[in-house]
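Commentary on secondary and tertiary structure
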Amino acid sequence: MNPFDLNPTSIEKTFESFCSLYPKPYHPLEVDPYTKCRIILMNGTEFEAVKFTHQMARHVQDQSLRRELAMLRRTEQQQQKKLANLKPIHETVLEHTISYEQLAVDLTAMLAKRVKTAHAKAALDLALLEDFDHLYRYADLMEMDTGEHAERLVGRYTEIMPGRPTISEHRMPLDGIPTPIGRNAPLFDKLAAHIITAAEQQTMNYYMNITGFYKNDLGRKLYQEIGMIEEQHVTQYEALQDPTLTWLEGLLLHEYTECYLYWSCAQTETDERIRSIWSRHFEQEVAHLHKAAQLLEQVEGKHWQQLLPDAAFPEPLRLESNIDYVRTALLSAQLTYKNTDPVPVQSLQAGDPFFVYQDTVHARLDHVASHAVIEETINRLGQDYRFETAPHPVKELMSRGMDNTQIGRDPHIPGYTGVMPS
């Protein structure tokens with residue numbers, strides 16, 4: 001499928017009435033968990049599209065170009081409003097959060113399995129274990145606050161157990177800025193950088209806004225802390241994108257990414273009603289893509305093939321269970337970033353920025369919400385909440401009666417003993 005070979009509709013015909021912008025929500029107990037994940041993914045993709053064209057409009061002087069951007073953005077806004085209202089009214093903030101983190105885990109794993117650029121894969125694998133741990137922390141908060149088991153919400157497709165402990169994830173902002181993958185990177189790697197940035201940005205935005213609305217202090221503090229890590233992830237992932245793109249080249253790549261994602265969603269969706277939305281949005285994005293190509297040629301004299309020489313879509317992006325992949329990745333839970341690359345925490349020197357920042361933000365261990373929520377769960381219920389298909393692959397993270405605050409943080413712990421079963 002090459003979207004440039006399709007005949008697009010006019011931009012004016014992409015607009016919809018308010019009748020269609022308030023669709024029937026999914027049923028939270030009947031919908032497939034990955035349908036919810038796709039909705040969150042595409043909601044975040046639309047947020048990124050709107051944010052990008054707003055920033056572009058603030059940095060170009062051509063008034064006619066600004067007007068064209070406003071036309072594109074209006075449909076993107078309508079798409080986002082439609083997707084946001086697929087969430088049912090009675091689905092709680094915390095239930096929705098579980099879906100956010102399931103998306104983060106399984107999307108990141110799928111991208112990591114497919115990218116070819118080594119340092120992009122390393123960035124994905126490192127953050128994967130951090131989002132995996134976030135799912136565990138929120139699931140324990142849910143068990144403690146409502147008695148609801150998050151394994152039901154994730155359809156048992158995604159395990160719920162410790163990853164790289166959230167307390168160990170906080171790094172000096174100077175670290176964790178990988179180098180861009182560049183213009184000559186494989187097409188899927190470019191798509192992956194844009195997809196994961198938008199997805200993590202959506203999670204960051206959600207936690208930034210929802211922090212003050214949770215019903216108790218511990219929950220508010222947990223959203224606050226994990227929201228800081230999501231910002232760290234956005235910083236990490238956006239660094240992979242090509243900074244040499246012009247605004248119009250960036251617009252073209254954004255629209256191409258949206259086309260690819262809506263096409264992937266339509267190819268893999270199991271809910272016929274939701275699939276029709278993906279198909280409709282794909283048609284709209286094809287119109288946007290062709291407009292972006294037209295603007296690139298008119299303003300910069302460049303043809304779309306100069307940026308996308310082979311524009312045939314890669315295989316669809318498919319959300320599915322990644323239990324085995326995550327279990328293997330957990331053997332690297334002791335890693336952190338130093339400068340541009342992941343390194344074992346044991347390789348750091350005492351005065352390295354990682355430890356300076358850790359000493360600042362973790363002045364008192366009992367004030368760290370991600371740790372406190374597990375300790376409180378254990379105190380109340382006798383053990384933490386997990387959904388495991390087998391014993392945890394890392395010996396130090398097997399205990400259900402103690403929260404490990406050393407993995408990935410303490411360089412003096414005994415030899416790391418990942419014990420993946422044969």
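These figures come from a predicted structure and were not determined experimentally. (Residues numbered from 1 in each chain as written. Predicted model: local features only at pLDDT ≥ 70, side-chain atom pairs only at ≥ 80, totals over all residues. Heavy atoms only, no water.)

Overview of the nonpolar core
Basically, it comes down to this: Among the buried residues, those of types Ala, Val, Leu, Ile, Met, Phe, Trp, Tyr and Cys that are joined through side-chain atoms within 4.5 Å form a nonpolar core. Think of it in three bands: with a 1.4 Å probe and only protein chains considered, a residue is buried below 20% of the maximum accessible area for its type, exposed above 50%, and partly exposed in between. By the criteria applied, helices consist of DSSP H or I runs no shorter than four residues and strands consist of E runs no shorter than two, each listed in order from the N terminus. What makes two residues a contact is simply this: any of their non-hydrogen atoms within 4.5 Å.
Formed by 116 residues in total, the largest nonpolar core has its most connected members in Leu107, Leu252 and Leu308. Here this core takes 15 residues from helix α4 (residues 118-146), the largest share from any one element. Those residues within four positions of Leu107 in sequence are excluded, and the remaining contacts are Leu41, Ile195, Ile196, Ala199, Leu317 and Leu319. Grouped together as the second largest cluster of nonpolar side chains are 5 residues, Val343, Val345, Leu348 and Phe355 included.

What about α4?
Worth spelling out the cut-off: For a helix, the expected span equals 1.5 Å multiplied by the number of residues minus one.
Counted at 1.5 Å a residue, the expected span for α4 with its 29 residues is 42 Å, and the 42 Å between its end C-alpha atoms agrees. In terms of residue burial, α4 counts as a mostly covered element, since 23 of its 29 residues are buried. Within two residues after α4, Gly147 carries a phi angle of roughly 75 degrees, on the positive side.

A few points about empty space enclosed by the protein
For clarity, the threshold we go by: Of the two site types, the cavity is a set of points on a 1 Å grid over the protein atoms alone where a 1.4 Å probe fits but cannot get out, and the pocket is an open set with protein on both sides within 12 Å along at least five of seven lines, each lined by residues with an atom within 4 Å of a point. Grid points are joined across faces, edges and corners, and a volume is the space filled by probe spheres set on the points. Residues are sorted three ways: Asp, Glu, Lys and Arg are charged, Ala, Val, Leu, Ile, Met, Phe, Trp, Tyr, Cys and Pro are nonpolar, and all the rest, Gly among them, are polar.
By the definition in use, this model includes 7 cavities of 30 Å³ or more. If you go around the largest cavity, you meet 13 residues; those closest to its centre are Gly182, Lys190, Asp242, Leu245 and Leu253. Per-element tally for the lining of the largest cavity: the top contributor is helix α6 (residues 187-210), with 3 residues. Class assignment for the residues of the lining of the largest cavity results in 7 nonpolar, 3 polar and 3 charged. Here the second largest cavity is characterised by a volume of approximately 80 Å³.

Regarding the side chain of Thr45
Residue placement: Thr45 occurs in helix α1 (residues 33-57). Once residues within four sequence positions are removed from consideration, Thr45 is found in contact with Ala198, Glu258 and Leu261.

Some points on the pattern of salt bridges
As a reminder of what qualifies: By convention in these notes, a salt bridge is any Lys or Arg side-chain nitrogen within 4 Å of a carboxyl oxygen on Asp or Glu.
Enumeration according to the criterion identifies 25 salt bridges in this entry. Measuring nitrogen to oxygen at the nearest pair gives 3.7 Å for the salt bridge that ties Glu68 to Lys291. A residue pair is termed long-range when its members are at least 10 positions apart, and Glu68 in helix α2 (residues 63-84) and Lys291 in helix α9 (residues 272-300) qualify at 223 residues. Note that Arg183 and Glu249 form a salt bridge whose closest N and O atoms lie 2.7 Å from each other. Of this pair, Arg183 sits in the loop between α5 (150-153) and α6 while Glu249 sits in helix α8 (residues 247-268), placing them 66 residues apart in sequence. Take Arg183: its relative accessible area is 35%, and that puts it in the partly exposed class.

Let's talk about the environment of Asn205
Relative to the helices and strands, Asn205 is located in helix α6. Separated by 25 residues in the primary sequence, Asn205 and Glu230 have C-alpha atoms spaced 8.7 Å apart.

What about the pairing of strand β1 (residues 335-338)?
Worth spelling out the cut-off: When DSSP finds at least two bridges between two strands, those strands are taken to pair.
For β1 and strand β2 (residues 341-344), the ladder comprises 4 bridges, and the chain directions are antiparallel. Bridge pairing in β2 links Thr336 to Val343. Counted between consecutive antiparallel strands, the loop separating β1 from β2 contains 2 residues, among which Asn339 sits at a positive phi close to 60 degrees.

Some points on the environment of Ala199
Checked against the element boundaries, Ala199 lands in helix α6. Here the alpha-carbon distance between Ala199 and Thr117, two residues 82 residues apart in the chain, equals 20 Å.

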